[in-house]
Amino acid sequence: MPKRSSPTVRRRRLAAELRSLRKASGKTREQVAEFVGCSPVTVTRIESAQSAPRLADTARMLECYGVTGERREVLMTLCGEARRRGWWHQYSGAIPAWFEVYVGIEGEVSEIRSYQPEAIDGRLQTEGYIRALMLADVDVPSGEELERRIAVRMKRQEILTEDDGPKMWLVLNEGALRRQVGGRATMHGQLSHLIEVSQSNKIVLQVLSYASGAHPAMDGAFEILRFPEAADPDVVYLQYRRGSIYLEDPADVAAYAELFDHLRARALGPDESRALIARLAEETS
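Below is a short write-up of the structure. Sequence positions are assigned chain by chain, starting from 1 and proceeding in written order. Side-chain atom pairs in this predicted model are given and counted only at pLDDT of 80 or more, local residue features only at pLDDT of at least 70, and totals for whole chains, interfaces and linings cover all residues. Excluding hydrogens and water, the side-chain values take into account all heavy atoms of the structure.

1. Quick notes on the nonpolar core
Then comes step 1: The set of buried Ala, Val, Leu, Ile, Met, Phe, Trp, Tyr and Cys residues whose side-chain atoms join them within 4.5 Å is what this entry labels a nonpolar core. For the exposure calls, accessible area comes from a 1.4 Å probe over protein chains only, and a residue counts as buried if that area is under 20% of its type's maximum, exposed if over 50%, partly exposed in between. Leu 124, Leu 177 and Leu 194 are the most contacted members of the largest nonpolar core, which totals 38 residues.
Then comes step 2: By definition, any uninterrupted DSSP run of H or I lasting at least four residues is a helix, any uninterrupted run of E lasting at least two residues is a strand, and each is numbered from the N terminus. Looking at this core, the elements that each hand over two or more residues are α6 (97-106), α7 (127-135), β2 (167-173), α9 (174-178), α10 (184-197), β3 (203-208), β5 (235-240) and α12 (270-284).
Then comes step 3: Top contributing element to this core by residue count: α10, with five residues.
Then comes step 4: Contacts are residue-level and defined by heavy atoms, with any inter-residue pair within 4.5 Å sufficient. Once residues lying within four places of it in the same chain are set aside, the contact partners of Leu 194 are Ile 120, Leu 124, Leu 172, Leu 177, Leu 205 and Ile 277.
Then comes step 5: With 18 residues, the next largest nonpolar core counts Ala 59, Cys 64, Met 76 and Leu 78 among its residues.

This is the structure we're talking about:
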């Protein structure tokens, strides 16, 4: 099992397999539910990866679909992995329920392509920058809760330093670099950190400068997540105030991949971007 295997990714893969098997069998959710001894809603939640199925329920579903032998063993193992608890469960309450899905998926990606127009990408934020962002929120968390949320974001950054961690290609709008989050000293530390991490072989950072003018991603941030196994297709992640959307349809993913290609073509090159960040860092020193 990969070092960073994520129960969330396993759950999504199992959901896709079970959904495909049911459709191939020609059975309705109601028929499967009756065979398993659960409600149709439970079948729906399992097939949409909203919940990890019990081992007994998975076994009954596979029996219903006539799955035996090696494939049955593989899917039962996948079910067991999907029911494990991820590291983020120790921070229960510090992560919104809708964001737990993303944290679980993030733990197993092999490549991240990210466009951020307003703020530095969370995986590259310094502690001071994180704190300033959270203190500027509409609902400022209490002292202890604030520290827990900061700890979660810092913990998430560890994936970029692991040997099997993902590669990251980030396009940052120039406005995210110029916005004084937390004041001059905080921004100096943040910009200096960006210069340092941008020299990693695993991180490509480009700045979409003001001089680029209008561009095709002016409607907001997005991420494209790629996984190491072909069984897990690319996913586009979009976040809004109280939730998020995952786009998995190949046409949607292809559209955002093309959009990202346009952005990195219009952005400054990595060396030019680093030079611009260095100049902005000097202005805040």
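2. Side note on the pattern of salt bridges
Then comes step 1: Here a salt bridge means any side-chain nitrogen of Lys or Arg lying within 4 Å of a carboxyl oxygen belonging to Asp or Glu. Following the criterion strictly, the structure yields 25 salt bridges and no others.
Then comes step 2: Among the salt bridges present, the one from Arg 22 reaches Glu 47, with a minimum N-O distance of 2.5 Å. In this pair, Arg 22 is assigned in helix α1 (residues 7-25) and Glu 47 in helix α3 (residues 40-47), connecting sequence segments 25 residues apart. By the burial criterion, Arg 22 is buried, and Glu 47 matches it.

3. What about the pairing of β2?
Then comes step 1: Most of β2 is tucked away: five of the seven residues are buried.
Then comes step 2: Strand pairing is defined by DSSP finding a minimum of two bridges between the two strands. In terms of strand pairing, β2 meets β3 through six bridges, oriented parallel. Paired with Asn 173 across the strands is Leu 208, a residue of β3.

4. Description of the side chain of Arg 123
Then comes step 1: Note on placement: Arg 123 falls in the loop between β1 (111-116) and α7.
Then comes step 2: For Arg 123, a relative accessible area of 2% translates into the label buried.
Then comes step 3: Side chain to side chain, Arg 123 and Asp 121 meet in a polar contact 2.9 Å long.
Then comes step 4: Contacts described as polar in this section are N or O atom pairs within 3.5 Å, which, within protein, must combine one atom able to donate a hydrogen with one able to accept it, while residues neighboring in sequence count only if both atoms come from side chains. Here the side chain of Arg 123 touches Glu 223 through a polar contact of 2.8 Å, side chain to side chain.

5. A word on the packing of aromatic side chains
Then comes step 1: By convention, a stacked pair of Phe, Tyr or Trp rings (six-membered ring in the case of Trp) has centres within 6.5 Å and planes under 30 degrees apart, an edge-to-face pair has planes over 60 apart, and any other such pair is tilted. Across all of its chains, the model carries six aromatic pairs by this definition.
Then comes step 2: Residues Tyr 115 and Phe 222 carry aromatic rings whose centres are separated by 6.1 Å and whose planes lie at 45° to one another, so their mutual orientation is tilted. Of the two residues, Tyr 115 sits in strand β1 while Phe 222 sits in strand β4 (residues 222-226), which places them 107 residues apart along the sequence.
Then comes step 3: Judged by its relative accessible area of 1%, Tyr 115 is buried.

6. Structural notes on the environment of His 215
Then comes step 1: Relative to the assigned elements, His 215 resides in the loop between β3 and β4.
Then comes step 2: Among the residues examined, His 215 registers a relative accessible area of 12% and is labelled buried.
Then comes step 3: Between the C-alpha atom of His 215 and that of Arg 266, which follows or precedes it by 51 residues, the distance is 8.3 Å.
Then comes step 4: Aside from chain neighbours lying at most four places away, what touches His 215 is Tyr 115, Asn 173, Leu 208, Leu 263 and Arg 266.
Then comes step 5: Within the structure, His 215 has its side chain in polar contact with the side chain of Tyr 115 (distance 3.5 Å).
Then comes step 6: Reaching out from His 215, the side chain makes a polar contact with the backbone nitrogen of Ala 217 at a distance of 3.1 Å.

7. Points about the environment of Asp 164
Then comes step 1: Mapped onto the fold, Asp 164 is located in the loop between α8 (143-156) and β2.
Then comes step 2: Using a relative accessible area of 30% as the deciding quantity, one classes Asp 164 as partly exposed.
Then comes step 3: In this structure, the C-alpha to C-alpha distance between Asp 164 and Phe 222, residues 58 residues apart in sequence, is 23 Å.

8. As for α12
Then comes step 1: Helices are assigned an expected span. That span is 1.5 Å times one less than the residue count. Relative to the 21 Å expected for 15 residues at 1.5 Å per residue, α12 spans 21 Å between its end C-alpha atoms, a close match to the ideal helical length.
Then comes step 2: Listed as buried for α12 are Ser 273, Leu 276, Ile 277, Leu 280, Ala 281 and Thr 284. Axial view of α12: buried residues confined to an arc of 140°, hence all on one face. In α12, the exposed positions that point more than 90 degrees away from the buried face belong to Asp 271 and Glu 282.
Then comes step 3: Where α12 is buried, its residues contact α9, α10 and β3. For this quantity, the arc is that covered by the directions from the helix axis to the C-beta atoms.

9. Description of α3
Then comes step 1: Buried residues of α3: Val 43, Ile 46 and Glu 47, and no others. With its buried residues spanning 95° around the axis, α3 presents them on a single face.
Then comes step 2: Ala 49 sits one or two residues past α3 and shows a positive phi near 65°.

10. A look at the packing of α7 against α8
Then comes step 1: The convention used is that axes are lines fitted to C-alpha atoms, helices contributing only their stretch in contact, and that angles between N-to-C directions extend from 0 to 180 degrees. Where α7 contacts α8, the axes come no closer than 10 Å and their chain directions differ by 130°. Between α7 and α8, the angle falls in the class oblique. Our pair here, α7 against α8, has a crossing hand that is right-handed. Across the interface between the two elements, Glu 127, Ile 130, Arg 131, Leu 133, Met 134 and Leu 135 from α7 touch Leu 146, Glu 147, Arg 149, Ile 150, Arg 153 and Met 154 from α8.
Then comes step 2: Within the contact of α7 with α8, the residues separate by chemical class into seven nonpolar, no polar and five charged. Working rule for angles: under 35 degrees goes down as roughly parallel, over 145 as roughly antiparallel, 65 to 115 as roughly perpendicular, anything else as oblique. Two helices cross in a left-handed way if the nearer one is turned anticlockwise from the farther one by less than a right angle. They cross in a right-handed way if the turn is clockwise. Residue polarity follows a fixed list, in which Ala, Val, Leu, Ile, Met, Phe, Trp, Tyr, Cys and Pro are nonpolar, Asp, Glu, Lys and Arg are charged, and the others, Gly among them, are polar.

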